Amino acid sequence: MAFGIGQRYEVIRRDRLTDLRAVEHEMRTAAGPLFSTDSPDLVFGYYLNRSVVPLKYVRQFEDTPGPAYLITSERRARSAPSSLDRVAVARVNGRPFVLLRKS
């Protein structure tokens, strides 16, 4: 009984610390690929039901031809070039992640 209660508490706690609605909304109509840096790409791939390509550097994303999206930590987003549009913010386990778009 204690294990079941503890498990339920943990699930509720994680749900409160995770919010992907803004990113989900933006990605519904997104035509370009989705990349990630400094973020849990498996989590985003699962919840967005979309392939997420992990990269090491934002520069790799910038060099990708055509329109595309990048999900990255708030810290990395602050140092991203101004040519990238900040379109949505998500939280995973309480940490903020930013969805950036390039045209």
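The structure this text deals with has already been given above.
Residues numbered from 1 in each chain as written. Predicted model: local features only at pLDDT ≥ 70, side-chain atom pairs only at ≥ 80, totals over all residues. Heavy atoms only, no water.

Undergrad: Provide a residue-level description of the nonpolar core, including the pertinent values.
TA: Nonpolar side chains in soluble globular proteins tend to be buried together. Counting residues in each nonpolar core, the largest one holds 15 residues, and the members touching the most others are V23, M27, L34, F44 and L99. Of all the secondary structure elements, the ones that give two or more residues to this core are α2 (21-28), α3 (41-48), β3 (68-73), β4 (85-92) and β5 (95-102). The dominant element in this core, judged by the number of residues it contributes, is β4, at three residues. Contacts of V23, omitting those with residues within four sequence positions, involve L48, I71, A88, V89, A90 and L99. The next biggest cluster of nonpolar side chains, apart from the first, holds 11 residues, and it includes V58, A77, L84 and V98. (Core = buried A, V, L, I, M, F, W, Y, C linked by side-chain atoms within 4.5 Å. Buried < 20%, exposed > 50% of the residue type's maximum accessible area, 1.4 Å probe, protein only. Helix = DSSP H or I, 4+ residues; strand = E, 2+ residues; numbered from the N terminus. Contact = heavy atoms within 4.5 Å.)

Undergrad: Break down the side chain of T37 for me, with residues and values.
TA: Residue placement: T37 occurs in strand β1 (residues 34-37). At 2.8 Å, the side chain of T37 forms a polar contact with the side chain of T72. Excluding its chain neighbours within four sequence positions, the residues that come into contact with T37 are L55, K56, Y57, V58, L70, I71, T72, S73 and R76. (Polar contact = N/O pair within 3.5 Å; in protein donor to acceptor, adjacent residues only side chain to side chain.)

Remember that the coordinates give geometry; whether it matters functionally is a separate question.
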